[in-house]
Structures are given as C-alpha cells and as structure tokens.
Number of protein chains: 2
Amino acid sequence: MTITGQQLINGKWQAGTAGTYQAIAPATAQPLQPEMSYASKAQVAEAVQAAQLAAPLFAATSLTQRAAFLERCADEIMALGDELLERVSAETGYPKGRAEGERARTCNQLRLFAASIQSGEYLNIRIDTALPERQPLARPDIRFFNQPIGPVVVFGASNFPLAFSVAGGDTASALAAGCPVLVKGHNSHPGSCELVAQALHKAVQACELPAGVFSLLMGSGREIGSELVLAPAVKAVGFTGSFAGGMALFKLANNRPEPIPVFAEMGSVNPVILLPQALQQRAESIAKGFVASLTLGTGQFCVNPGVVIALNTPELAEFVQATAAALAEIPAGVMLNEPIAAAYVKGTTELASQPGVSLVASGKEVAETAGFCTQAQLFQVAASTFLANEHLQEEVFGHSSVLVVCENKAELLAVVTALKGQLTGTIQCTDAELAAEAELVTLLRQKVGRVVINNFPTGVEVCDAMMHGGPFPAATDARFTSVGTAAIARFVRPICFQNYPQALLPEPLQDANPWGLSRLVNGQRTAAALGDA
Amino acid sequence: MTITGQQLINGKWQAGTAGTYQAIAPATAQPLQPEMSYASKAQVAEAVQAAQLAAPLFAATSLTQRAAFLERCADEIMALGDELLERVSAETGYPKGRAEGERARTCNQLRLFAASIQSGEYLNIRIDTALPERQPLARPDIRFFNQPIGPVVVFGASNFPLAFSVAGGDTASALAAGCPVLVKGHNSHPGSCELVAQALHKAVQACELPAGVFSLLMGSGREIGSELVLAPAVKAVGFTGSFAGGMALFKLANNRPEPIPVFAEMGSVNPVILLPQALQQRAESIAKGFVASLTLGTGQFCVNPGVVIALNTPELAEFVQATAAALAEIPAGVMLNEPIAAAYVKGTTELASQPGVSLVASGKEVAETAGFCTQAQLFQVAASTFLANEHLQEEVFGHSSVLVVCENKAELLAVVTALKGQLTGTIQCTDAELAAEAELVTLLRQKVGRVVINNFPTGVEVCDAMMHGGPFPAATDARFTSVGTAAIARFVRPICFQNYPQALLPEPLQDANPWGLSRLVNGQRTAAALGDA
C-alpha cells in the first residue's frame, strides 16, 4: 500500500480540500513524507450522509455477517505488514516491538468482538409471552432486544495509534453493534490512520457492505470534529484523550437540538496504595513493578500510576530507595508529539514548584537530541499538603508520579476520600491486610472503575470482564467501558415488539431461536426454542 | 394512618419549613384537608446527607435482603387499605377503580423487581479467569459486575399518583439496584405521596435499613428540585413529565461540576398507522379500540395516541365515522389539575386554529361543573399540511388526537420520516400488509422504543421485555427504559476486580457462585461454579 494523504469518504479516496500538512517524527522532530490533507466541511457532510444511508442496511446484517467483516478487518490490517509497523514507529516514536504488540492487540480485539457478538449476549434478548387469560387484563406478547443506535463518530487517541485509533476499541465496538463509523483520525499519526483505513476499506468491499459503513476524515478537532458531532445523523461519539477535549465534545453534544451520548475516556491519576505489610515483605519488588508501570511507553497511558499513597513507615523509605535506584536506570523517553512533551515539562515543573513538594527520584537526563524527549520523575508530598492543594491531583500525562505520605490510617482514608473519579485504584497488600481494610475497599469502589490487587494498572486486558472507565472526571459516563466486549453496549438501544407476527419478527426474537442465542424468556434464562420443554 | 402534611427526612417526619398549601380536588376544584408543607433547602440538605451515608450500607445488602425490602414495601402499601385509594381518587379525579388498578400495578412492580434481582441478571456478571501461561503476557483474573451508582432523585409524575410516583417505577428500580432514593413528590397529590412514604418508612424500619435509604420531600421543582439535582452526593435522576421539565433537569445535571445522568421520559404523540387492508377488514373495531385508548384516563398517558396516520381510502371515511360515533358517547373527563386542563384547552384551541386543520369528532361537551373537565377531540389534517407545520407534532396532553390523511404511500412514508423520536409506534395491519411494508417498519424502528402491532399503545406492561423510552425528544436517553426490569440498568455502573483474592471477592463473583447466578465465564454463559465441569 502507499500512503497518499487522502481521506476515505463514502467509499472513495479523496484529497482533503482544506489544506495540507506533514506528520512529524517525534524521535527526530523532522517532517515525514508524503504530504497529508485536511477534510473540508463539505467532505464531512458527504461522509455523514453516506453513513446515514448505510445505517439501516448495516443494521440489517446478521451477526455472522458482521463477525466475518470484523475478522476481515483484522486480516487486512495484518496484511499491511511491516509498512504499518514502520509508519507507526516513525509517527509515534514507539519502538517497533510496541507497534507490533499494539497491532496484535488491535486485531485480537476485532476477532474477540467477532466471536462475542455471535453469542448474542450484547443483544440482551428478553421475551415475555402472551398471557391471554390473565385477569383483569390479558398480557400481550412482548419481545425486546438491542438494535444499533446509528452512525457513530470516533476520535482517535494520540497514544494508541492502532488500539485506540482508526480500528481501535471504539470503532470495533461500534461496528460490532452494527453502527457505521466516522473516524476523526489523530493528526499525530495520519499515515498510520490512512493505512489502517485502507485495510478497513478493503474489508468493506470484500464483505459487500455499503460504502458509508466506514469513513476516515482528518482535520482539527475544533473544525471537522465539531462538524461531525453536530451532524444530526450522528447518534453517539467515542473519544479517548484529554479532559478539556472530552468535555468540549460532551458540551457540544448535549447542546444539540437532539442531545447524543459522548463516551469520553479522559484519563486519571490511577492511585496505587501501598499497605505496610506488603512493603515489609517486598518493598523492592513493588518498587521495580511500579517503575516498570510508570515508565512503560514513556508513561503515556490513561492508566499510568500518577499517585502513590502510603503510610510513613520505615519500609516506605526502602520502597523510595529502591524506586530511585530503578528509575535512575530508565533512559529519557520520546514523547508522542511536541505539545505532549511541552505539557509534560510544564506539568512537572509546576509540580516541583508547589509548596511542600520535593523531587525524590528521576530517570536519566535528556541527552542532546532533536526529538521530543523527557525525563521520568517521582515527587513526594505530605498527605496534609496533598489534601490542601487540589492541583496535586491533576494528571501530568507521561512518566511522572507523586508519592503521598500519610502519617496514619485516618490520613490515608482522607486522601482516598479526596480523590476524584478514577479509571483504576490499585492496592499492594497481603490478603490479611486487604481483609482488614473493608473501609478502604468500600471507599475505593466508589471512586474507580477497576480495582487492582498486587498488579499495576497498566496493561488493560481486552476481555469480557474489563471495565475501562470510571466515575467523572475519568469518563463522562461511568456506566460504560471503552475496552472489552461490554463496550458494545454504548452503541445500541433497546426496542421492543408488541403482538408482532411471529414469522416477521427479527430472527433473534423468533420462537424457534434460529441462531441458538441465550435469552431471558418469561424470567428464565435459556438458549432453547420456545415451546421446547 | 393519618395524613399530617409532613416530610420524611432521614427517617424522621418533619413539618416542612418553607410554607404550607392544600391539595385541590380536580373534580370539585375545592381544597382538601389537611394543610401540607413545603421542605426548605436545609431540609433537602439533611435528606441528601442521610442518603449519602446510607449508600454504601444499602449497597452492601444482599439480593435477598433487598428483595425482602421491596416485598415489604408492597405489603405496607396494600396495608394502607381504602384510605389510600380514596385519597388518590380525591387528589386526581380518577375513579376508585383506576386507583385500585394502579395500586395493583405498583405493588406487582415492586414484587417483580424483588423476584428479578434475585436472578442476578441485572448484575451482568462477567468472569475471565487468569491465563498465567499466555504469551507474550499472562492474563490476570478479572471479574466484573454492576454496583449501585449512589443516591438517586426521583421526580413523581402527576398522572400516575402511585405507579410513577413515590413508590413507582423509578423508585422501585433504584431501590432494586441498591441506591438510596430521594423522592420529590408531585404537588398535585401530596396526601397520596405521604401515605405511600409512610408505607415505605415502615418497610425501611422493619427491614432494619439505614434511615437515609428513602426520603420524601415536597416543594416546587424549581426550588427543591434544583437543589436535589445539584447536590454533589446525588448520582442520577429519574423523571416523568413534560419536555420543558425534563430538559430543565437535563441541562442542570449536565452543567454540574460532575455531570450526572438524567432519565427523563417526556412523552410523545405515539403515532398509530392504519393500513388499508386492516381498515377494509375491521374499520369499526379499530375505531372502537382507538377511542378507548384515546380517552382512557382522560387521555392523560405518555403513550396516548396523539397522531393517527392513514391513506385517503373509502375505508378511512368509515373509520372516521365510527370514531365519531364512539367518541360522541364519551363524557367530558376530569383532568389532573387546573394547569393541565388549561393547557389542554389552549393546545386544542391552537390546533383548531391552524390552517388546514378541522375538528372531525368530539366527546360530550363539558357540563356545568366546578371541576377541571375537558372534552375529547379528534382533528384532521392533510399530510402535506402536517409536513409543512412542525407545530402539529407537538403533544397536547389529554384526550385529543390528529388524523393525518395521506394521498399515497410516498406521503405516508414522508410523514413517518418527519416524526420526532417516540415512545411507541403502532401499526394496524394484516400480516400480509406488514410483510410487504419492510420500508415502513425500518423507518419506524428508527423512531420508536416500542413497535405495537394491532394493539393500541396505552397499557404499558411491567415485565422484563418492556421498553418504555425512545429516541429524543421522547426521552433524554434512548438507551434505557423507565418501565420493566431493564429499568434497573439506569442505576448501576460496572466495576471490575483484577487479581483479587478469591475469599474476599463479592459473593456473586466468587468461584463457588454461592448465589447460583447466571454468569458469563470465559465467554460461556453458565450458572455453574467455577471448576465444575
């Protein structure tokens, strides 16, 4: 394949008519070939119209057809071969191994969703059969399932050029649900976006789906992003990125004449709580695990551990010492783009200047380089200071963290109470400690989407049981995950059919259960056909 | 029991300190004894604080405990006996039979939810077990279920003094989910509110639950309603009522520092489409069914059929004639309160004055009466006029409807295309007609939450398969129902546990499956314990 700098609109590759630019390689700060283009508002409108036309046709596909399409998307992405890995690496500064790992994650995700929808779980099928003899009133036959919500706009994230981008989790879950997708690609990795869009375009064609099922548009969030969110035919938005970006979309969508849901995952500081027995037993191994989690991908993860909370015990000193030793070995890291590197330097400089905050450990210094390199840093602050300064809870995107030292258990609970909503909350502990800390666990469960015990928060498994989301401001809607098969639920809405002729019902709702799905029938869960005993 | 005019706040009955008023009997326009009181902002704050304290304790109750509580609520409501029925009847103008039917619906709803939660379906349990040998990375054990979202504010509706009020669908689903409830009772039926709150208070005490699990506050929506929605401890809002009221709450909730979901069911015109073969076969019986649905409860239902759409055929004339004959027998009806009656008169007067709209049938005239009586009315308009005047799509709450006459199939499809989001869409048809009208069905499925065939939209069954909601502006969030057991999903959010010690996991997630729930384990649905083959 060749990168052309074009957009995929209504199944056709078109040069964007709103200007050109080049991607910048973060490792060298040099522009990459070829020239890319920005879509115009008219091009956005054409893509939206195609998605609207495709919506009922795509909604009418069977689970098997959609699964085959998702599988084909994975196949076509793999078929892009090394060109994709090299472009991802060039555009993000990630090593090729990371690009390869992320490609595997992306394709496995598409295949998992293909397998998952065929179980029909996400359809949430419910059947209540007629009770013609019921007094005082007969009960009609009523059958319920989820149907696609309509065209979905997906905003790609900078930090996952594959797994949260053009064919990432949001796209995969919307397509799995049967919704056409309009991707606003991230301008940090436009070539990677285009290559993946080429793969999806091939899959759309091979599966003979309507052209409007998938479009790729590049441009600024403020311009074409707003245009997409405000288009009346668009019915939901998926976003992963900053708090400011997510909230701008959220407000825009809620102020439409017809408000639509925005699923914005906006990151968090992912507190890691170190309990004393655990530190007594394994301060050094916890320190090593922490440093690995903190510095993975130069810390550019939504689930990066940005706050560590611990009691002021002798073992904590041991943890700090071991962390400092491990961190000292970590080379300066290339960040995704110049604004992110600049924000990291600004954020850590501001942290260091706050009263009571001290730098206790850091990675290797930034060598002479043309790229967007930064240094890993660990700060320390007393809990009383942390509690008095809300600023210290703000996420600094990248490989920095703040250790909050508590003088006693009450202070530790006060710190957890003061936390805003989080994607994750981690506890390093012994089983006995966890059993004794019911109050801490209760508190943490009110704050987070995922509780992690004796692991670290990085490494978000793509599976049925993953909850990647959490109370505001981690996400705009705590009731949904953006990773794992439960993410499909964001892009469907229920409809029920009352007294509908059996033969004309959608197949998943028919008595015979031709697709063999698990259903809730008169309050009982069963995969049997109706009438079978 | 005695009606005292007090509020239930933190388990104590308190006189509201923000003024007094009396309920008005709509049948006579006379005030009812005793004097009622309005809650102050300080009293609201006390109730919210109690709910916040109760939240983690109530969340920790078992499904069996919560089910017993819901059952007890139903028992205590029944134990109120005739006093409740008489007060409901006096405050609403509904006949005692309607009050009795609604009480049955309310108590059956509580009992259905009690039964439903014990199946654990609403928990959406998902378990992915560890894969320590997986390459390149081991998979940790991850377990997911829904937990209560926190304190919920419920706004009672005027038109269902029991089933959508203090212990109605919103309250029942929030309590079933494990969320404390703060009810803002409707000022049209404050005595009924207080009696039901007395029953729920008894149930809270009998089940030894924290006092803050349930509070009742009376006052204006603008004052204490806003106060409740803006309280930081409140995590969701349930509302049934007008578009203006629902949108005011929606905007308020979205502009909080922490936005929260508002589930506002705001009504709709519930189009009824009459296809020609059905009219040929049974114009008269369709007319009778339509008039019964239109005039039930003086038309004061969210699902009242406010628009009828049909082709201009000879059989349509027969339908209009039969409708006129049936409607002529319908007495003027008492409406719930003076503003609703006034809005009905204003709305129908405005309809009648629109160019091209004619009155084709009406109920009996309003006799000399002191009460809030109005007359049923059916208007007629050409589809071309309807399409040109968006005003004609606005709901007039009560027993009026607009027949839209289409000259051909294309015009009929254009009318359906022009419809806003609806709770329901009804088709009167033969099976052959329905089979031939795939395009119409596809269109209608994009517009509604419930498709009704050869029934009428009134009569919203409380069951697992009910979807009572729909695309905006029928509701603020089309992904949820406010009737039936699926309504519980509004008040929970998922959380997952990674690498959590088995013995300390919440019971529904433990290997042994001690409550015997259906779970998704490694992609397979099963009620077996883990490890059992």
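Up top is the structure these notes are about.
What you see is a predicted model, and the numbers here were worked out from it, not measured in a lab.

Colleague: Where do I start with the interface of chain A and chain B in this structure?
Modeller: Taken together, the contact pairs 73 residues of chain A with 73 residues of chain B. Taking both partners together, chain A and chain B bury about 5,900 Å²; carbon and sulfur atoms supply 56% of that area. Of all residues in chain A, the largest losses of buried area upon contact with chain B belong to Arg445(A), Arg479(A) and Gln498(A), amounting jointly to 13% of the total for that side. Where chain A packs against chain B, one counts four salt bridges. Across the chain A-chain B interface, the total number found is 34 residue pairs in polar contact (both at pLDDT 80 or more). Sorting the residues of the side of chain A that touches chain B by element identifies strand 7 (126-128), strand 8 (142-148), helix 8 (243-254), helix 14 (431-436), helix 15 (438-447), strand 22 (448-453) and strand 23 (492-498) of chain A as the ones contributing at least two each. Broken down by element, the side of chain A that touches chain B gets its largest block of residues, seven residues, from strand 23 of chain A. Across the side of chain A that touches chain B, the residue classes break down as 40 nonpolar, 14 polar and 19 charged. The pairing of strand 23 of chain A with strand 22 (residues 448-453) of chain B spans three bridges and is parallel. Bridge pairing in strand 22 of chain B places Gln498(A) opposite Val452(B).

Colleague: How should I be thinking about the pattern of salt bridges in this particular structure?
Modeller: Side chains that differ in sign of charge can pair as their charged atoms come close. Residue and element names in this part refer to chain A. Within the structure shown, the criterion is met by 39 salt bridges over all chains. Put simply, Arg72 and Glu76 hold a salt bridge, and the shortest N to O gap is 2.9 Å. One end of the pair is Arg72 and the other is Glu76, both in helix 2 (residues 63-79) and four residues apart, which spans about a single turn. Its relative accessible area of 34% is what places Arg72 among the partly exposed residues. In this structure Glu76 comes out as buried when scored by relative accessible area, which is 11%.

Colleague: Help me understand the sheet that holds strand 17 (residues 358-362) of chain B, please; the structure alone is not making it clear to me.
Modeller: Pairing between the strands of a sheet comes from backbone hydrogen bonds, and it takes one of two forms, parallel or antiparallel. Strand order in the open sheet made by the 12 strands is 25(A)-24(A)-7(A)-8(A)-23(A)-22(B)-21(B)-14(B)-15(B)-20(B)-19(B)-17(B), with mixed pairing throughout. This sheet does not close on itself; its edge strands, each paired only once, are strand 25 (524-526) of chain A together with strand 17 of chain B. Within the sheet, the average angular offset between the axes of one strand and its neighbour, ignoring direction, is 25°. In this sheet, strand 20 (residues 400-406) of chain B lies alongside strand 19 (residues 377-382) of chain B in parallel orientation, the contact comprising six bridges. Counted as the bridge partner of Gln380(B) is Leu403(B) from strand 20 of chain B.

Colleague: I would appreciate a short explanation of the side chain of Glu265(B) in the present structure.
Modeller: Residue and element names in this part refer to chain B. With respect to the helices and strands, Glu265 occurs in strand 13 (residues 262-265). Of the side chains with opposite charge, Arg490 lies nearest to the buried Glu265, which makes no salt bridge, at 8.8 Å. Polar contacts involving the side chain of Glu265 include one to the main-chain amide nitrogen of Gly267, which spans 2.7 Å. Apart from residues lying up to four places away in sequence, Glu265 is in contact with Phe239, Thr240, Gly241, Cys302, Leu423, His468, Ala474, Ala475 and Ser482.

Colleague: Looking at this structure, how should I read the packing of helix 3 (residues 82-92) of chain B against helix 4 (residues 96-118) of chain B?
Modeller: Relative placement of two packed helices is described by the angle separating their axes and the distance separating the axes. Residues and elements named next belong to chain B. It is the contact of helix 3 with helix 4, at a shortest axis distance of 9 Å, that shows an interaxial angle of 120°. With respect to helix 4, the axis of helix 3 lies oblique. As helix 3 runs across helix 4, the sense of the crossing is right-handed. Between helix 3 and helix 4, the residues in contact are Asp82, Leu84, Leu85, Glu86, Val88 and Ser89 and Lys96, Ala99, Glu100 and Arg103, respectively. Residue composition of the contact of helix 3 with helix 4, grouped by class: four nonpolar, one polar and five charged.

Colleague: Looking at this model, I keep getting lost on the packing of aromatic side chains. Mind explaining?
Modeller: Here a ring pair, both rings aromatic, is described through the centre-centre distance and the interplanar angle of the planes. Residue and element names in this part refer to chain A. Applying the stated rule across the entire model yields 23 aromatic pairs over all chains. Here Phe145 and Phe497 contribute two aromatic rings whose centre-to-centre distance is 5.9 Å and whose plane-to-plane angle is 70°, an arrangement assigned as edge-to-face. Here Phe497 lies in strand 23 and Phe145 lies in strand 8, a separation of 352 residues in the sequence. Residues Phe145 and Phe497 agree in their burial class; the two are buried. Where Phe290 meets Phe319, the ring centres are 5.9 Å apart and the plane angle is 50°; that geometry is what we call tilted. Remark: Phe319 occurs in helix 10 (residues 314-328) and Phe290 occurs in helix 9 (residues 276-295); sequence separation between them is 29 residues.

Colleague: Is there a simple way to think about helix 10 of chain A in this case?
Modeller: Given 3.6 residues per helical turn, the α-helix brings residues three or four places apart onto the same face. Under the 1.5 Å per step criterion, the end-to-end length of helix 10 of chain A is 22 Å for 15 residues, consistent within 8% with the ideal 21 Å. Those residues of helix 10 of chain A not exposed but buried are Glu315(A), Leu316(A), Phe319(A), Val320(A), Ala322(A), Thr323(A) and Leu327(A).

Colleague: I'm lost on helix 2 (residues 63-79) of chain B in this one. Help?
Modeller: Residues and elements named next belong to chain B. Under the 1.5 Å per step criterion, the end-to-end length of helix 2 is 24 Å for 17 residues, consistent within 8% with the ideal 24 Å. Buried residues along helix 2 sit against helix 1 (41-59), helix 3, helix 4, helix 5 (169-177) and helix 6 (190-206). Just beyond helix 2, the residue with positive phi is Gly81, at close to 65°.

Colleague: For this particular structure, what's the right way to read the relation of the copies chain A and chain B?
Modeller: The operation relating the pair of chain copies consists of a rotation about an axis and a translation along that axis. Expressed as a screw transformation, the operator carrying chain A onto chain B has a rotation angle of 180° and an axial translation of 0.0 Å, and the superposed copies differ by an RMSD of 0.0 Å. Here the copies are linked by what is in effect a two-fold axis. Judged by C-alpha distance, Asn254(A) is the residue of chain A that lies nearest the rotation axis, at 3.9 Å. A share of 100% of the interface residues of chain A reappears at the interface of chain B, consistent with the copies meeting face to face through the same patch.

Colleague: What is the right way to look at the packing of helix 2 of chain A against helix 4 (residues 96-118) of chain A in this model?
Modeller: All names here are of chain A. Direction vectors running N to C along helix 2 and helix 4 enclose 170°, while the axes themselves pass 8 Å from each other. Classed by the angle they form, the pair helix 2 and helix 4 counts as roughly antiparallel. For the pair helix 2 and helix 4, contact is made by Leu63, Thr64, Arg66, Ala67, Leu70, Glu71, Cys73, Ala74, Asp75, Ile77 and Met78 and by Arg103, Cys107, Leu110, Arg111, Phe113, Ala114, Ile117 and Gln118, respectively.

Rules used in this analysis
Residues numbered from 1 in each chain as written. Chains lettered and ligands numbered in written order. Predicted model: local features only at pLDDT ≥ 70, side-chain atom pairs only at ≥ 80, totals over all residues. Heavy atoms only, no water. Contact = heavy atoms within 4.5 Å. Buried area = accessible area lost by both parts, 1.4 Å probe. Salt bridge = Lys/Arg side-chain N within 4 Å of Asp/Glu carboxyl O. Polar contact = N/O pair within 3.5 Å; in protein donor to acceptor, adjacent residues only side chain to side chain. Helix = DSSP H or I, 4+ residues; strand = E, 2+ residues; numbered from the N terminus. Nonpolar A, V, L, I, M, F, W, Y, C, P; charged D, E, K, R; others polar. Pairing = 2+ DSSP bridges. Buried < 20%, exposed > 50% of the residue type's maximum accessible area, 1.4 Å probe, protein only. Axes fitted to C-alpha atoms, helices over the stretch in contact; angles between N-to-C directions. Lys, Arg positive; Asp, Glu negative; His and termini not counted. Parallel < 35°, antiparallel > 145°, perpendicular 65-115°, else oblique. Left-handed = near helix turned anticlockwise from the far one by under 90°. Phe/Tyr/Trp six-rings, centres within 6.5 Å; stacked < 30°, edge-to-face > 60°. Expected span 1.5 Å × (residues − 1). Least-squares fit on C-alpha atoms with pLDDT ≥ 70 in both.

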